[in-house]
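# What the coordinates show
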Amino acid sequence: MNKRFYITTAIDYVNGQPHLGHAYEKIVADVIARSRRSLGQEVFFLTGLDEHGQKVQQAAIAEGKTPQAYCDQLAADWKAFAKKLELTNDDFVRTTEPRHKQFVQAILSKLHAAGQFYRATYEGFYSTKEETFLTEKDRLPDGTFDPSYGEVIKLKEDNYYFKLRDHQQWLIDYLEANPSFVQPDYRRNEVLGFLKNSTLEDLCISRPVARLNWGIPLPFDEDFVTYVWFDALVNYISIPAAHGDPLLGRGSGVSVPGSGPRSAQPRTPDASSQLQLWPADIHVIGKDILKFHAVFWPIMLKVMDLPLPKQILVHGWWQKDGAKISKSTGNIVDPIAIIDEWGLDGFRFYVLRELDIGPDGNWTDAGFKSRYNAELANGLGNLVNRSLSMLKRYRNGVVPVKPEAGEVAKKVTSLAGQVQAKLELYQLQAALQDIWIIITAANQYVDQTKPFNLAKDPAQSKRLEEVLYNLGETCRVLAVLLRPFLPGTATKIYAQLGLTGIPDKFDAAAWGGLSAGHKIGEPAPLFPRRET
Ligand code: ME8
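Parameters and conventions
- Residues numbered from 1 in each chain as written.
- Predicted model: local features only at pLDDT ≥ 70, side-chain atom pairs only at ≥ 80, totals over all residues.
- Heavy atoms only, no water.
- Pairing = 2+ DSSP bridges.
- Helix = DSSP H or I, 4+ residues; strand = E, 2+ residues; numbered from the N terminus.
- Contact = heavy atoms within 4.5 Å.
- Axes fitted to C-alpha atoms, helices over the stretch in contact; angles between N-to-C directions.
- Salt bridge = Lys/Arg side-chain N within 4 Å of Asp/Glu carboxyl O.
- Buried < 20%, exposed > 50% of the residue type's maximum accessible area, 1.4 Å probe, protein only.
- Phe/Tyr/Trp six-rings, centres within 6.5 Å; stacked < 30°, edge-to-face > 60°.
- Near = heavy atom within 4 Å.
- Polar contact = N/O pair within 3.5 Å; in protein donor to acceptor, adjacent residues only side chain to side chain.
- Nonpolar A, V, L, I, M, F, W, Y, C, P; charged D, E, K, R; others polar.
- Expected span 1.5 Å × (residues − 1).
- Bend = angle between axes of the 7 residues up to and from the residue.

Next up on the list: the sheet that holds strand β15 (residues 318–320). Spatially, the 3 strands line up as an open sheet ordered β16-β15-β17, and their pairing is mixed. Edge positions in the sheet fall to β16 (323–324) and β17 (361–363), since each of these pairs with one other strand and no more. Its contacts with the sheet put helix α12 (residues 344–354) on β15 and β17, and the angle it makes with β17 is roughly 145 degrees.

Using the criterion set out here, one finds 33 salt bridges in the structure. Note that E465 is salt-bridged to R395, the shortest N-O span being 2.6 Å. Pair noted here: E465 is in helix α17 (residues 461–482) and R395 is in helix α13 (residues 365–395), with a separation of 70 residues, a long-range link. In this structure E465 comes out as partly exposed when scored by relative accessible area, which is 25%. The exposure class assigned to R395 is partly exposed, which follows from its relative accessible area of 23%. E466 is the partner of R463 in a salt bridge, and the nearest nitrogen-oxygen pair spans 3.2 Å. With a gap of 3 residues between them, R463 and E466 both fall in helix α17, about one helical turn apart. E466 gets classed as partly exposed once you look at its relative accessible area, which sits at 30%.

Describing an aromatic ring pair means giving the distance of the ring centres and the angle of the ring planes. Under the defined criterion, the tally for this structure stands at 29 aromatic pairs. Ring centres 5.7 Å apart and planes at 20 degrees place the aromatic pair Y118 and Y161 in the stacked group. Of this pair, Y118 sits in strand β5 (residues 117–127) while Y161 sits in strand β7 (residues 152–162), and the two are 43 residues apart along the sequence. For Y161, a relative accessible area of 9% gives the class buried. Geometrically, the ring pair formed by W229 and F292 is stacked, given 3.8 Å between the ring centres and 10 degrees between the ring planes. Of this pair, W229 sits in helix α7 (residues 228–233) while F292 is found in helix α10 (residues 290–303), placing the two residues 63 residues apart along the sequence.

Right, let's get into the pairing of strand β12 (residues 221–226). Side-chain positions along a regular strand alternate between the two faces of the sheet. Two strands pair when backbone bridges link them, and strand β10 (residues 206–208) and β12 are joined in this way by 3 bridges, in the antiparallel orientation. Bridging from a neighbouring strand, P208 pairs with F224 of β12. Where strand β11 (residues 217–218) meets β12, 2 bridges bridge the pair, whose relative direction is antiparallel. Each residue of the ladder has a partner; that of L218, found in β12, is D221. Linkage of β11 to β12, two consecutive antiparallel strands, is achieved through a turn of 2 residues.

On to the environment of A114, then. Relative to the elements of secondary structure, A114 occurs in the loop between α4 (98–113) and β5. On the accessibility criterion, A114 (53% relative accessible area) is exposed.

We now examine the site of the ligand. Taken together, 22 residues surround the ligand, and among them I11, E25, D50, D288 and W318 come closest. Here an oxygen atom of the ligand and a backbone polar atom of Y13 are 3.0 Å apart. Between the ligand and W317, the relevant distance is 3.1 Å, taken from an oxygen atom to a side-chain nitrogen or oxygen of the residue. Those elements giving two or more residues to the shell around the ligand turn out to be β2 (12–13), α1 (20–38), α7 and β13 (282–286). Among the residues forming the shell around the ligand, the class breakdown is 11 nonpolar, 7 polar and 4 charged.

With that out of the way, let us pick up the environment of I439. Position of I439 relative to the elements: it lies in helix α15 (residues 428–449). Among the residues examined, I439 registers a relative accessible area of 1% and is labelled buried.

Under the 1.5 Å per step criterion, the end-to-end length of helix α3 (residues 67–84) is 25 Å for 18 residues, consistent within 8% with the ideal 26 Å. Among the residues of α3, those classed as buried are P67, Y70, C71, L74, A75, W78, F81 and A82. The elements touched by buried residues of α3 are β2, α1, β3 (43–50), α2 (54–62), β4 (91–94) and α11 (335–342).

It is worth spelling out the sheet that holds strand β6 (residues 132–134) at this point. Taking strand neighbours across the sheet as the criterion, the 4 strands line up as β6-β5-β7-β9 in an open arrangement whose pairing is antiparallel. With one partner strand each, in any of the chains shown, β6 and β9 (203–204) form the two edges of the open sheet. Bridge count for β5 against β6 is 3 bridges, and the pairing is antiparallel. Residue pairing in the sheet places S127 in a bridge with T132 of β6.

What follows concerns unusual backbone geometry. Cis geometry marks the peptide bond from Q183 to P184, where omega comes out at -5 degrees. Considering the arrangement of structural elements, one finds P184 in the loop between β8 (182–183) and α6 (185–197). Put simply, W278 and P279 share a cis peptide bond, and its omega is 5 degrees. Structurally, the position occupied by P279 is in the loop between α9 (246–251) and β13. Of note in this structure, D305 is not a glycine but carries a positive phi near 65 degrees.

Secondary-structure assignment places K320 in strand β15. Setting aside residues up to four positions removed in sequence, K320 forms contacts with I325, N331, I332, V333, N362, W363 and D365.

Next up on the list: α10. With 14 residues, α10 extends 20 Å between its outermost C-alpha atoms, agreeing within 8% with the 20 Å of an ideal straight helix rising 1.5 Å per residue. The axis of α10 is deflected most strongly, by about 30 degrees, at F296, and proline P298 appears within four residues downstream. Burial within α10 is extensive, with 12 of its 14 residues counted as buried. Residues L290, F292, H293, A294, V295, F296, W297, P298, I299, M300, L301 and V303 constitute the buried set of α10. Looking one or two places after α10, you find D305, whose phi comes out positive at around 65 degrees.

Read these as spatial facts, not as claims about activity.
Below, the structure is given as structure tokens:
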């Protein structure tokens, strides 16, 4: 059994419809998953929903539904959304599933038995909106709390706490010894700064049922449910465990709880279908949940005796027109509406090309349309359409003999290598830029060689064939390179070239794949030009 490349996204709160930020993160993870497969690796890509906690309970109550009914209904929309984005996820976790809940309880029991938790009374401030306890340190200079915490109440209650403090120095040392653990670097520095300048508070891992009942019951005290973050983070290992990951069955001592006869979930797989997934290769997350992933999660794993994920890849946040995306102010981008109007690949292209993984981004409708028209319609679309149309017109759609490898072959081959190297480093935006260097150069090649003039002069027949081959073959290589980013477009280019199959292996980017005498299919515009 080979270990698969295991990539996860944050699991989204199911308290509304998906927005641009959710879509962006999932597309980033999808491109990485697809490019790994294209590089020849076996991949497991996990995404899903975070269904417990106060936010979801409140949203359900506001709609007059039980939390479970509310989640079931919305989960269908979110799963449909994953399909709409053409995500290639291998599983979709819902934290209300028995396979996840049972695993969380098994871990809680184990850690409780190992003396990792203690019960204590807390008296202080609490933000219901963020489901978090606040201290004097969280007060602003004027004595209030940041408005992002919503209403802050005074509270006195018993809870269970997880001993984080003991591991603070270990985590600092780990982060210093493993610079690639949190990327980009400035996010790693943020975590180190936080760890070095403050004392870690122990983590409250429960909520009293009297105040919140929409959660996983603590197996050792039925008056409490599990804090939503302790529950949510565990999805990254509960699902591998459900797929029979040997590390989770043995190493941690947390064996997969068998699903009972009433369970709708699959049983523990037999040896032949077991997957080796943990540790994750990357957790893709947004900047706001860095502390949960880079502080709480590594410590949880350490006490479970499990290896840490190889990397936490942190992306920035989208704004629209320079302001926060917010349902209440109406400043939103509806990904579904954009996809319905412009097509999925137009949407995928814009978010991936516009925003590198790390900094914050700004969506503008004008920027979207401008990239669509300039780079997709006039750039890629025009290149493919005119290359194939000329091959059709001047050679009846039959691929001429492959010429001696010249400048075009060299340039495309070298850039194709760079694209793959960048994808291995998760530099998606830079890889796209390299692909567009090929597109721009190929369009210039048409303008310079003027095949429409060559076609008028029988003495130039050989030269015309050379140009037509180079253009057709460039389109083919582009389909292979574009596939992780724009899957539908890549498939269309292949089909228009009359090629069967899907260009989903980078090996196929080697120059010279088109063979003499092959008949191409019908050219058709890939990105119809739109008025702006
Ligand atoms: O945080 N731009 O769920 P969530 C970019 N359930 N990314 C954004 C964004 C924006 N404007 N808004 C949100 C949660 N995100 C937890 C995660 S993981 C074990 C539990 C990103 O629905 C955000 O940074 O609030 C996060 O990575 C993801 O969307 C889900 O956010």
